[in-house]
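Structure assessment
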Amino acid sequence: NVCVRLRTQAFLDGITPQGRPGLTQAEVLDSLRDLDSPHIAYERGQIDGPAFYAAQVERLGLRLSYPQWLDGWNAYFEPNRPMEALLARLQGSLRLWTLSNTNAEHLQHLRLNFRLFDSFAGFTASNLCGARKPEPAIYRDAGQRLDLPPNEVLYLDDVEAYVPAGRALGL
């Protein structure tokens, strides 16, 4: 929700009617936020998209094919024009890096459809390093890839609870 905007309501509006009778949007959100859910394993790269889809079909009673689900899953994003303008201004004057809790399908979709990611020197994605924010391993992975001392890295996040974990590592 920093570089691109999350269209959570649009995603919920599209997916909930495709689930078992009586499925609520709150249940869909819980299926993504629950720390014991397959979504966490998916964001850590421990399961792939088809396995996550199968788990969601079972958990939510989804009546969608994998391609239909993937279309809805990737429709989760929309451009963040002010951020695009800011990144364009900063490009070349700062070394920009992105750090994200994500999955392979979202990462591929974002890199193909949102050119603002060209502004970054690189990225650390949870599904590629096997750890999610606020786990220390994801911040360490970013630090190693950046090859900078932590005190030379400014870490910003839209989730306030993630900031202390970066700060604890010296960012």
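What counts, and at which threshold
- Residues numbered from 1 in each chain as written.
- Predicted model: local features only at pLDDT ≥ 70, side-chain atom pairs only at ≥ 80, totals over all residues.
- Heavy atoms only, no water.
- Helix = DSSP H or I, 4+ residues; strand = E, 2+ residues; numbered from the N terminus.
- Rg over C-alpha atoms; globule rule 2.2 N^0.38 Å.
- Buried < 20%, exposed > 50% of the residue type's maximum accessible area, 1.4 Å probe, protein only.
- Areas by Shrake-Rupley, 256 points an atom, 1.4 Å probe, with all protein chains shown as cover.
- Lys, Arg positive; Asp, Glu negative; His and termini not counted.
- Charge placed at Lys NZ, Arg CZ, Asp CG, Glu CD.
- Salt bridge = Lys/Arg side-chain N within 4 Å of Asp/Glu carboxyl O.
- 1 Å grid on protein atoms, 1.4 Å probe; cavity = no way out; pocket = protein on both sides within 12 Å on 5 of 7 lines; lining within 4 Å.
- Points joined across faces, edges and corners; volume = space filled by probe spheres on them.
- Nonpolar A, V, L, I, M, F, W, Y, C, P; charged D, E, K, R; others polar.

So, about the overall build of the chain. A count of helices and strands for the chain gives 10 helices and four strands. Counting helices and strands in the order they occur from the N terminus, the chain gives β-α-α-α-α-α-β-α-β-α-β-α-α-α. Relative to the 2.2 N^0.38 estimate, which gives 16 Å for 171 residues, the radius of gyration of the chain is 17 Å and therefore close to what a compact globule would have. The principal-axis extents of the C-alpha atoms in the chain amount to approximately 50 × 30 × 25 Å. Split into buried and exposed, the 171 residues of the chain put 40% on the buried side. As displayed, the chain has an accessible area near 9500 Å², and 53% of this comes from carbon and sulfur atoms. The averaged location of the 20 negative side-chain charges in the chain is 3 Å from the averaged location of its 17 positive side-chain charges.

The subject of this paragraph is the pattern of salt bridges. Throughout the structure, instances matching the rule amount to nine salt bridges. As a salt-bridge pair, R81 and E84 come within 2.9 Å of each other at their nearest N and O atoms. Highlighted residues: R81 and E84, both in helix α6 (residues 81–90), separated by three residues, approximately one helical turn. Overall, the relative accessible area of 53% leaves R81 in the exposed class. With its nearest N and O atoms 2.7 Å apart, the salt bridge here joins R145 to D141. Placement of both R145 and D141 in helix α9 (residues 136–146) is noted, with a separation of four residues, approximately one turn of the helix.

Looking now at empty space enclosed by the protein. In this approach the atoms are scanned with a rolling probe the size of a water molecule, which exposes any empty space left behind. Summed over all chains, the structure comprises one cavity of 30 Å³ or more. Size it by volume and the largest cavity reaches roughly 50 Å³. As for the largest cavity, its lining consists of F11, I15, V28, S31, L32, F52, Q56, L60, L62, W69 and W73. Secondary structure elements with two or more residues in the lining of the largest cavity: α1 (8–15), α2 (25–33), α4 (49–60) and α5 (66–74). A breakdown of the residues in the lining of the largest cavity according to their chemical character gives nine nonpolar, two polar and no charged.

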